[in-house]
Amino acid sequence: MMNNRFDIKDLSLANQGRERVEWALTEMPVLSAIHDRFVKERPLAGARISGCLHITTETANLARTLKAGGAEIVLCASNPLSTQDDVAAVLVQHYHIPTFAICGEDGSAYYRHIAQALDHKPQLTLDDGADLVSELHKNRSELLAEVIGGTEETTTGVIRLRAMAADHALRFPVIAVNDAMTKHLFDNRYGTGQSTLDGIIRSTNILLAGKTFTVAGYGWCGRGIAMRAKGHGAQVIITEVDPLRALEAAMDGFRVMPMLDAAVCSDFIVTATGNKHVLDQAHFEVIKDDCVIANSGHFNVEINIPALEKLSIKKHRPRSGVEAYQLKNGRTVRLLAGGRLVNLAAAEGHPATVMDVSFANQALSIAYLWQHGADLKNAVYPVPTDIDRQVAVMKLAAMRLSIDSLSREQQTYLSSWKEGT
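In this report, the structure presented in the accompanying data block is examined. (Residues numbered from 1 in each chain as written. Predicted model: local features only at pLDDT ≥ 70, side-chain atom pairs only at ≥ 80, totals over all residues. Heavy atoms only, no water.)

1. Observations concerning the overall build of the chain
And step 1. In terms of regular secondary structure, the chain is built from 17 helices and 17 strands.
And step 2. Relative to its length of 421 residues, the chain is compact, with a C-alpha radius of gyration of 22 Å against a globular reference of 22 Å.
And step 3. Counting every position in the chain, which comprises 421 residues, the buried fraction comes to 54%.
And step 4. Distance between charge centroids for the chain: 1 Å, based on 43 positive and 47 negative side chains. (Helix = DSSP H or I, 4+ residues; strand = E, 2+ residues; numbered from the N terminus. Rg over C-alpha atoms; globule rule 2.2 N^0.38 Å. Buried < 20%, exposed > 50% of the residue type's maximum accessible area, 1.4 Å probe, protein only. Lys, Arg positive; Asp, Glu negative; His and termini not counted. Charge placed at Lys NZ, Arg CZ, Asp CG, Glu CD.)

2. Some thoughts on the packing of aromatic side chains
And step 1. All told, the structure shown has three aromatic pairs when counted by the stated rule.
And step 2. An angle of 85 degrees between the planes, with centres 5.0 Å apart, marks the rings of Tyr 110 and Tyr 111 as edge-to-face.
And step 3. The partly exposed category is assigned to Tyr 111, whose relative accessible area is 38%.
And step 4. Ring geometry for Tyr 218 versus Phe 254: centroids 5.9 Å apart, planes at 65 degrees, classification edge-to-face. One end of the pair, Tyr 218, is in the loop between strand 9 (212–216) and helix 9 (220–231); the other, Phe 254, is in the loop between helix 10 (243–251) and strand 11 (255–256), with 36 residues separating them in the sequence.
And step 5. On the basis of relative accessibility, which here comes to 9%, the residue Phe 254 falls in the buried class.
And step 6. Its guanidinium or amino end placed over the ring of Trp 220, Arg 223 lies 4.8 Å from that ring's centre, counting from NZ or CZ. (Phe/Tyr/Trp six-rings, centres within 6.5 Å; stacked < 30°, edge-to-face > 60°. Lys NZ or Arg CZ within 6 Å of the ring centre and 35° of its normal.)

3. Some remarks on a nonpolar patch on the surface
And step 1. Taken together, the side chains of Met 181, Leu 185, Tyr 190 and Met 227 present a nonpolar region at the surface, about 320 Å² in accessible area.
And step 2. Counting residues per element, the nonpolar patch draws most heavily on helix 8 (residues 181–204), at three residues.
And step 3. In this fold, Met 227 is placed in helix 9.
And step 4. Overall, Met 227 belongs to the partly exposed group, its relative accessible area being 32%. (Patch = residues over 30% accessible without salt bridge, like charges linked within 9 Å, V, L, I, M, F, W, Y side chains within 5 Å. Areas by Shrake-Rupley, 256 points an atom, 1.4 Å probe, with all protein chains shown as cover. Salt bridge = Lys/Arg side-chain N within 4 Å of Asp/Glu carboxyl O.)

4. Description of the side chain of Asp 131
And step 1. Mapped onto the secondary structure, Asp 131 falls in helix 6 (residues 131–139).
And step 2. For Asp 131, the residues in contact, after removing those within four places along its chain, are Tyr 110, Tyr 111, Ile 114, Arg 160 and Phe 299. (Contact = heavy atoms within 4.5 Å.)

5. Comments concerning the pairing of strand 15 (residues 322–327)
And step 1. With five of six residues buried, strand 15 lies mostly within the body of the structure.
And step 2. What sits between the antiparallel neighbours strand 14 (residues 312–319) and strand 15 is a turn of two residues, in which Gly 321 has the positive phi angle 85 degrees.
And step 3. Here strand 15 runs beside strand 16 (residues 332–336); their pairing, made up of five bridges, is antiparallel. Its bridge partner lying in strand 16, Tyr 325 is registered against Val 333.
And step 4. Linkage of strand 15 to strand 16, two consecutive antiparallel strands, is achieved through a turn of four residues, within which Gly 330 is found at a positive phi near 95 degrees. (Pairing = 2+ DSSP bridges.)

6. Structural notes on the packing of helix 3 (residues 57–68) against helix 15 (residues 352–372)
And step 1. Across the interface, helix 3 lies against helix 15 with an axial gap of 10 Å and an inter-helix angle of 30 degrees. If you check the angle between helix 3 and helix 15, you find them roughly parallel. Helix 3 and helix 15 meet at a crossing whose hand is right-handed. Residues Glu 58, Thr 59, Leu 62, Thr 65 and Leu 66 of helix 3 form the contact with helix 15, whose own contacting residues are Ala 352, Met 355, Phe 359, Gln 362, Ala 363 and Ile 366.
And step 2. When its residues are assigned to classes, the contact of helix 3 with helix 15 shows seven nonpolar, three polar and one charged. (Axes fitted to C-alpha atoms, helices over the stretch in contact; angles between N-to-C directions. Parallel < 35°, antiparallel > 145°, perpendicular 65-115°, else oblique. Left-handed = near helix turned anticlockwise from the far one by under 90°. Nonpolar A, V, L, I, M, F, W, Y, C, P; charged D, E, K, R; others polar.)

7. Some remarks on the state of the cysteines
Here a disulfide denotes a covalent bond joining the sulfur atom of one cysteine to the sulfur atom of another.
And step 1. This structure, assessed with the given rule, holds zero disulfides.
And step 2. Unpaired in this structure, Cys 52 has its nearest cysteine sulfur neighbour in Cys 76, at a distance of 3.8 Å.
And step 3. Residue Cys 265 stays outside any disulfide, its sulfur separated by 9.3 Å from that of Cys 291, the closest cysteine. (Disulfide = S-S within 2.5 Å.)

8. Structural notes on unusual backbone geometry
And step 1. Positive phi, close to 55 degrees, is recorded for Asn 205, a residue that is not glycine.
And step 2. Examined against the element boundaries, Asn 205 turns out to sit in the loop between helix 8 and strand 9.
And step 3. A relative accessible area of 61% places Asn 205 in the exposed class.
And step 4. Backbone geometry at Ala 337 places phi at a positive 55 degrees, although glycine is not the residue there.
And step 5. On the secondary structure map, Ala 337 appears in the loop between strand 16 and helix 14 (342–345).

9. Some words on the pattern of salt bridges
And step 1. Summed over the entire model, instances satisfying the criterion amount to 17 salt bridges.
And step 2. For Arg 48, the salt bridge goes to Glu 146, with nearest N and O atoms at 2.6 Å. Of this pair, Arg 48 sits in strand 3 (residues 48–53) while Glu 146 sits in the loop between helix 6 and strand 7 (149–152); the two residues are 98 residues apart in sequence, bridging distant segments of the chain.
And step 3. With relative accessibility at 40%, the residue Glu 146 sits in the partly exposed group.
And step 4. Between Glu 348 and Arg 202 there is a salt bridge, with its nearest N and O atoms 3.3 Å apart. Here the residue Glu 348 occupies a position in the loop between helix 14 and helix 15, and Arg 202 occupies one in helix 8, the gap between them amounting to 146 residues.

10. Details of the environment of Trp 417
And step 1. Assignment of secondary structure puts Trp 417 in the segment after helix 17 (408–414).
And step 2. Along the primary structure Trp 417 and Arg 112 are separated by 305 residues, whereas in three dimensions their C-alpha atoms are 60 Å apart.

11. Some thoughts on the sheet that holds strand 16
Hydrogen bonds between backbone groups are what pair the strands of a sheet, and the pairing can be parallel or antiparallel.
And step 1. The sheet built from eight strands is open, its strands ordered 11-10-9-12-13-16-15-14 with mixed pairing. Sheet topology places strand 11 and strand 14 at the edges, where each strand pairs with a single neighbour.
And step 2. Pairing analysis gives five bridges linking strand 9 to strand 10 (residues 235–239), with the strands arranged parallel. Directly across from Val 215, in strand 10, lies its bridge partner Ile 238.
And step 3. Contacts from helix 9 reach strand 9, strand 10 and strand 12 (268–271), with the element oriented near 170 degrees to strand 9.

This is the structure:
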């Protein structure tokens, strides 16, 4: 269903979507508190925002919060397979937020929707993977003069934006929400860990206990996946290119080896690096028969699917979301979710309580940019420490947890160099 205000699958899904969005909100107390504050303070009054995000129940609650703060917001999808069509419907029908996103859209529709979101002439951007910012710089540069700043949600996007900044190509300041400590702790580690395994289990219904489970990359997301796989009883292998992270993985109790060795013995392989062709032709040539491969990085290039196609003689779909490739050497490789983000394409993404923290950072960072972005240079910035700590304090309060505070004596001791043994 398409017009100049939206392009979604089916408006009749709106009531179903509304119930799920409201259900998610019950697990998002920090964002709810920010919403109530925004209603009173209107910190985003008059701001035009274009957001390229996963269209999920949690994103709907972020968009509602920004709108409550006075913003005019338009949304499109940051992944062709991550849109929840009932959420897109409720955004349009009940929350009156223009949305351009359909689950399963092809590449042409995906970029058309980004273009439609940019037609909003944004002053602020929300991005998850940097596709909107990239398109804005490459194909809609006439709009850049009005952009005050933006935020970036995920590791892959931050990598791309830092590359743009290094090339002096970035034309406005961006806050790397992904790099906030509260984002690492909640979203990348606990959210990606649980939701990735959720997508794998939903897709395959294979018991993980006793299986050999390889995780490519031991960043915050890889740590979370490895932790959860170990909790399911899997024997976990880590592959890495960074010696410090490899050492950390070994000290955390995981086996560490090159991917070429891991492919031979793995029942599952999950990529979580933000890089390209982490699973490549050489790995497919030696991979264990019936190995399940999946990607939890933002883009599907982590798995070299063209190389897999080249080595195959046929493929079929034994289950929804599973493509079984029969290789010329007689082995079978089972690819999940077409190599897209398995936690979103095959499941529902992160639990709402995780996104509560991430989107609290998003909302407060966007408000910060609206007030201070004009004073910032064209660079990638961390989330202001005050915002990061404020989100942590609010989440602790929502969880009914309290902590100690430093006495005046302790504060003096920590700020002095004179007192010792």
